[in-house]
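Spelled out from the first residue to the last, the chains are:
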Amino acid sequence: MKNPPTSSVPRLDIYAGIHKGLRAMMMDTLSAVGRCDARDSAEMQDVCERVLVLCDTCASHLEHENEFIHPAMEAYRPGSTAPIAADHKDHLHAIAELCAMARALPTGTGPDRQQAVTALYRKLALFVAENFVHMHAEEAEHSPVLWASHSDAELRALEERIAASLPPAQHLLFMRWMIPALPTTERAALLAGLRGAAPRPAFDAVLDTVRPHLSAGDWAALNTALTQASSS
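Before going into details, it helps to say that this report is about the structure given with it. Worth saying up front: this structure is predicted, and the values here are computed from it rather than measured.

1. So, helix α4 (residues 110-149)
Next up, step 1: Taking 1.5 Å per residue as the helical rise, α4 with its 40 residues ought to reach 58 Å, and the 56 Å between its terminal C-alpha atoms agrees with that figure.
Next up, step 2: Its maximal kink placed at H142, α4 deviates by approximately 35°, while the proline P144 follows within four residues.

2. Some details on the packing of helix α2 (residues 41-76) against helix α5 (residues 152-164)
Next up, step 1: The contact between α2 and α5 brings their axes to 10 Å, and the two run at 140°. Accordingly, the angle class assigned to the pair α2 and α5 is oblique. The two elements α2 and α5 cross, and the hand of that crossing is right-handed. Along its contact with α2, which presents H64, F68 and I69, the element α5 presents L158, R161 and I162.
Next up, step 2: For the contact of α2 with α5, the residue count by class is four nonpolar, one polar and one charged.

3. Quick notes on the packing of aromatic side chains
Next up, step 1: Within this structure, the stated rule accounts for zero aromatic pairs.
Next up, step 2: Lying over the aromatic face of F132, R23 brings its terminal NZ or CZ to 5.9 Å of the ring centre.
Next up, step 3: Between R176 and the ring centre of W177, over which it is positioned, the NZ or CZ distance is 3.5 Å.

4. Some words on the nonpolar core
Next up, step 1: Among the nonpolar cores identified, the biggest contains 51 residues, and V51, I95, L124, F127, L191, V206 and L222 are the most heavily contacted of them.
Next up, step 2: Going through the elements one at a time, α1 (16-34), α2, α3 (82-104), α4, α6 (168-178), α7 (184-197), α8 (200-210) and α9 (216-231) are the ones with two or more residues in this core.
Next up, step 3: The leading source of residues in this core is α2, at ten residues.
Next up, step 4: Residues in contact with L222, not counting those within four places in the same chain, are T184, R187, A188, L191 and L214.
Next up, step 5: Counting residues in hydrophobic clusters, the runner-up holds twelve residues, among them I14, Y15, V145 and I162.

5. Topic: the environment of L158
Next up, step 1: In this structure, L158 sits in helix α5.
Next up, step 2: Taking the C-alpha atoms as reference points, L158 and L194, separated by 36 residues in sequence, lie 15 Å from one another.

6. A short note on the pattern of salt bridges
Next up, step 1: For the structure shown, the criterion picks out seven salt bridges.
Next up, step 2: The shortest N-O distance in the salt bridge between R11 and D152 comes to 2.7 Å. With R11 in the segment before α1 and D152 in helix α5, the pair connects residues that are 141 residues apart, well separated along the chain.
Next up, step 3: For R11, a relative accessible area of 29% puts it in the partly exposed group.
Next up, step 4: Judged by relative accessible area, which is 24%, D152 ranks as partly exposed.
Next up, step 5: Across the pair R50 and D28 runs a salt bridge whose closest N-O atoms are separated by 2.2 Å. Linking R50 in helix α2 with D28 in helix α1, this pair joins segments that are 22 residues apart in sequence.
Next up, step 6: Exposure remark for R50: the relative accessible area of 25% places this residue in the partly exposed category.

What counts, and where the lines are drawn
Residues numbered from 1 in each chain as written. Predicted model: local features only at pLDDT ≥ 70, side-chain atom pairs only at ≥ 80, totals over all residues. Heavy atoms only, no water. Helix = DSSP H or I, 4+ residues; strand = E, 2+ residues; numbered from the N terminus. Expected span 1.5 Å × (residues − 1). Bend = angle between axes of the 7 residues up to and from the residue. Axes fitted to C-alpha atoms, helices over the stretch in contact; angles between N-to-C directions. Parallel < 35°, antiparallel > 145°, perpendicular 65-115°, else oblique. Left-handed = near helix turned anticlockwise from the far one by under 90°. Contact = heavy atoms within 4.5 Å. Nonpolar A, V, L, I, M, F, W, Y, C, P; charged D, E, K, R; others polar. Phe/Tyr/Trp six-rings, centres within 6.5 Å; stacked < 30°, edge-to-face > 60°. Lys NZ or Arg CZ within 6 Å of the ring centre and 35° of its normal. Core = buried A, V, L, I, M, F, W, Y, C linked by side-chain atoms within 4.5 Å. Buried < 20%, exposed > 50% of the residue type's maximum accessible area, 1.4 Å probe, protein only. Salt bridge = Lys/Arg side-chain N within 4 Å of Asp/Glu carboxyl O.

Don't take any of this as a statement about function, it's just geometry.
Here it is, written out as structure tokens:
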């Protein structure tokens, strides 16, 4: 599989941030299922809820790609999204299976429940592995099509349309995973842009959502970068 192309002038990568967040969420959820003690009903319920939230997040993400990104690509290069669109259909089927397994888990008892947890873990591991390959393909093969057909300003406007389509709670969930997965400079740039575009309560809600998931050092570095951005 091809690697993403390099350029002396970096282009806006519409996939980079959200994919980092999704990868982090997938790995964290998979680890939680893998260490789950099936004898602990409270832990079981928490893990099942996390799987359901991950599935909902992945379904939402691929629907946004289908609705916003793929039409933009197809208008420029017909057929360019066909392989990924086929993956999306397979992913929706896998998501439905994972949701059904997660919802059934709390009703079991004893050895059967541990076997069900193991089955869910293995199914989720395959889903995560397939998604990692899938996201790499998007980054390596879709990005050049978008760069050839759109300016960075147009790609930024596309990102903004996707963000505007999200309900507030879902937007916060994406921010919760995406911002901690970014390096400090990218965190600051994203949040500085949000501060300039969003109402103050919405911006503060993002900061409150993200802060528990940053180390003390990362939080201090982010605040320093945001202060510098506001004074420049």
